[in-house]
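Reading the structure
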Amino acid sequence: MSDLRGKTVIITGGSRGIGKACCLEFAKQGANVVFTFNKSQKEADDLVVEIKKFGVDCLSLQTDVRDYDQCYAVVQKTLEHFKQVEILVNNAGIKKDKALFMMLAEEWKDVIETNLYGTFNMTKAAIITFLKQKKGCIINMSSVSGIVGLVGQTNYSASKAGIIGFSKALAKEVAAYGIRVNVVCPGFIETDMVGSLREDLKKEILKLVPLKRLGTPEEVALICTFLASEKASYLTGEVIRVDGGLAI
Amino acid sequence: MPEVSNLGDYRSEIKKLVADIAEKSPEEIKDDATFGEDLGIDSMMALEIVASIEKKYKIIIPENEIPNIRSLQNVYDLVAKLAMK
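I will try to describe carefully the structure that is included in this document. (Residues numbered from 1 in each chain as written. Chains lettered and ligands numbered in written order. Predicted model: local features only at pLDDT ≥ 70, side-chain atom pairs only at ≥ 80, totals over all residues. Heavy atoms only, no water.)

Residue and element names in this part refer to chain A. Only one face of strand β7 (residues 239-242) is buried, namely the one carrying Ile240 and Val242, since none of Val239 and Arg241 on the opposite face is buried. Inspection of the sheet shows strand β6 (residues 179-186) paired to β7 by 4 bridges, in the parallel sense. What sits directly across from Pro186, in β7, is Val242. (Buried < 20%, exposed > 50% of the residue type's maximum accessible area, 1.4 Å probe, protein only. Helix = DSSP H or I, 4+ residues; strand = E, 2+ residues; numbered from the N terminus. Pairing = 2+ DSSP bridges.)

The next thing to look at is the interface of chain B and chain A. Contacts between the two partners involve 10 residues from chain B and, on the opposite side, 12 residues from chain A. Between chain B and chain A the total buried area reaches about 830 Å² when both faces are included, carbon and sulfur atoms providing 61% of it. For chain B, the biggest contributors to the area lost against chain A are Met44(B), Leu47(B) and Glu63(B); these three give 69% of the whole. If you look at where chain B meets chain A, you find 2 salt bridges. Of the charged contacts, one joins Lys132(A) and Glu54(B) as a salt bridge, the two residues approaching to 2.9 Å between their closest N and O atoms. Joining chain B to chain A, the criterion identifies 3 residue pairs in polar contact (both at pLDDT 80 or more). (Contact = heavy atoms within 4.5 Å. Buried area = accessible area lost by both parts, 1.4 Å probe. Salt bridge = Lys/Arg side-chain N within 4 Å of Asp/Glu carboxyl O. Polar contact = N/O pair within 3.5 Å; in protein donor to acceptor, adjacent residues only side chain to side chain.)

Residue and element names in this part refer to chain A. With respect to topology, 7 strands assemble into an open sheet ordered β3-β2-β1-β4-β5-β6-β7, the strand pairing being parallel. Here the strands that pair on one side only, and so sit at the sheet edges, are β3 (58-62) and β7. This sheet shows a mean twist of 15° between the axes of neighbouring strands, independent of strand direction. Looking at chain direction, strand β1 (residues 8-11) and strand β4 (residues 87-90) are connected through 3 bridges and run parallel. (Axes fitted to C-alpha atoms, helices over the stretch in contact; angles between N-to-C directions.)

Here it is, written out as structure tokens:
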């Protein structure tokens, strides 16, 4: 039996892609799921039904992670409903790729605010609860782009590299309180973000991946549930690439 | 939630609790001692004090009050205020 059974996880950006796969995998392993979504109520409603089929409880909350008060409300509503929360997966993220000389300040700001401030806001909102209960697990979604940098992604790479630094500092800060903080860095994964690329571009991308295929959201989700489980009880401050060898 | 009149000698209890976390004896700690400069209590230790007090007095200290807890007197006032609610 999974040791995630009966625990509660908050997953931001949970209605699509890697976030959705995380919701389903945590639910499959018996965790109650709270997920946030930005726009699509219909997608969120459908996912709630899917999650509940695993026999767990689920809340979906429309949330703008750029706003601290909304993030704080997510944690409070989770505690009101489930009385507890042990796991936070900061997954919400956007990209607005463009060569730097073409990039508008607004495009820089949007990406940094959603990806980096979003991670800060949600973590800050949950950390006091984790510190008080002396138990908690935080998983932050970064990217290989945050490790090696990718062309056209100065904003995205900066935000994702920021998440790695944030996570390492926090891991040291809260380790004594039984809280683990780890980072997952997906490479090219079959999601809306990559799926919308032209076929010829996808072929070019695959040339860079030693395993010669795109990853699946489920493969990333399995790393997240592993990190949240007791199997990873001695792991903190770690950065795990799930990229088919892209950043070797 | 306890009434303030039923809190007993809550000041001494809180002082002892703070002294334990600061690894000092209660006699060494004055009521107006500041956590940071006088007692060397950092923000994480302050949170430990908050968690211990919540548990002991069965109260919830709102998160927005936590940054304002800078001295023993602040804690006394806060506990009294929350217990009277």
